[in-house]
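# Residue-level structural notes
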Amino acid sequence: MTRKKDNIFLTGFSYTGKSVIGKEVAGHLDWNFVDTDDEIVKLAGKEIHQIFSRDGEEQFRELERQVLREVCSNERAVISTGGGIMVDDENCKLMAENGTIICLEARPETICQRLTEDSKNTTGPVRPLLATEDPLHRIESLKASRQPYYALADWTVHTDELTIEEVCREVIRGWEHLANREIEGASSVVATATESYPVFVGWGSLAELGERMRQIGLRGNANLISDETVSFIYGQRMRRSLEKAEFKVYSFTLAPGETTKTLENAGKIYDFLVAHRARS
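Treat the numbers as computed from the prediction; the structure is a model and nothing was measured. (Residues numbered from 1 in each chain as written. Predicted model: local features only at pLDDT ≥ 70, side-chain atom pairs only at ≥ 80, totals over all residues. Heavy atoms only, no water.)

## Concerning the pattern of salt bridges
Pairing between side chains of opposite charge can happen when their charged atoms approach one another. Using the criterion set out here, one finds 17 salt bridges in the structure. Residues Arg 69 and Glu 62 are paired through a salt bridge, measuring 3.9 Å at the closest nitrogen-oxygen approach. By relative accessible area, Glu 62 is classed as partly exposed at 33%. When the shortest N-O distance is used, the salt bridge between Glu 105 and Lys 143 registers 2.8 Å. Remark: Lys 143 occurs in helix α7 (residues 135-150) and Glu 105 occurs in strand β4 (residues 100-105); sequence separation between them is 38 residues. (Salt bridge = Lys/Arg side-chain N within 4 Å of Asp/Glu carboxyl O. Buried < 20%, exposed > 50% of the residue type's maximum accessible area, 1.4 Å probe, protein only. Helix = DSSP H or I, 4+ residues; strand = E, 2+ residues; numbered from the N terminus.)

See below:
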């Protein structure tokens, strides 16, 4: 199976948190963050509301398509998209071919409340969704028309009752689950409440270790923890495979045997991992 690019596209209705969550997820993954609305503003030289009022929605959608084509050249980026971007079939196809699409959901009542609260704290033009006698009805109607397109996402996170950190964790969990599921040759995938990872079984797999790790999106440092006997037998093969795949390798070894399994040694392992900035 051909692996998609390591990109995450966040879609969903306005005020589901795409920009805020996108920045948080990018920070956790150490990826770049891109907001398509910000890129449209840069390209057009004017604000979104000015494009709509002066040039019309169709011009905005054309700029949106152009920006999306450009940002799809990214790798390892979290891309926050506009609420209506999924309505265009070509946009959906482009996003699906270049990453994982994750939809942030919220009930119309939640969206209306967030929008109203935000508008109290900001200045500028009246937001289009509030420029009506019944903003909740407007949100319900527009959201219902887009719902079939949002349903095309690979993963959905309902944000109504979740904190920013909780939504962030769910987005990453969804991306990891979907990425691992697509790994060619994985014998199985272990999934817990917060994490998931692929399991590979086979003869001579150590020679493929570095490539397998890159295949599931890992880069940078690799920390090898083993006892002295295992390290003596397999350590050099593992190191060569990892370095060939451009990992920087650090090793930590302990004496073999049951007596090594102590809290003191566990503390030493944690100190080693902290020293090398290991991240879960």
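There is more to say after this.
## Quick notes on the sheet that holds strand β1 (residues 7-11)
Here five strands make up an open sheet; going across it, the order is β2-β3-β1-β4-β5 and the pairing parallel. Two strands bound the open sheet, and with one partner strand each, they are β2 (32-35) and β5 (155-158). Neighbouring strand axes in the sheet, compared pairwise and without regard to direction, differ in orientation by 20° on average. Here β1 runs beside β4; their pairing, made up of four bridges, is parallel. Across the sheet, the residue bridging to Leu 10 is Ile 102, located in β4. (Pairing = 2+ DSSP bridges. Axes fitted to C-alpha atoms, helices over the stretch in contact; angles between N-to-C directions.)

## A look at the nonpolar core
Counting residues in each nonpolar core, the largest one holds 27 residues, and the members touching the most others are Phe 9, Leu 68, Met 86 and Met 95. For this core, the secondary-structure elements that each account for two or more residues are α4 (57-71), β3 (77-80), α5 (89-97), β4, α6 (108-120) and α7. If you tally residues by element for this core, the top one is α4, at five residues. In this structure, Phe 9 is in contact with Leu 68, Cys 72, Ile 79, Thr 81, Met 95, Asn 98, Gly 99, Thr 100, Ile 101 and Ile 102, ignoring residues within four places of it in sequence. Counting residues in each nonpolar core, the second largest holds 19 residues, with Val 25, Ala 26, Val 157 and Trp 175 among its members. (Core = buried A, V, L, I, M, F, W, Y, C linked by side-chain atoms within 4.5 Å. Contact = heavy atoms within 4.5 Å.)

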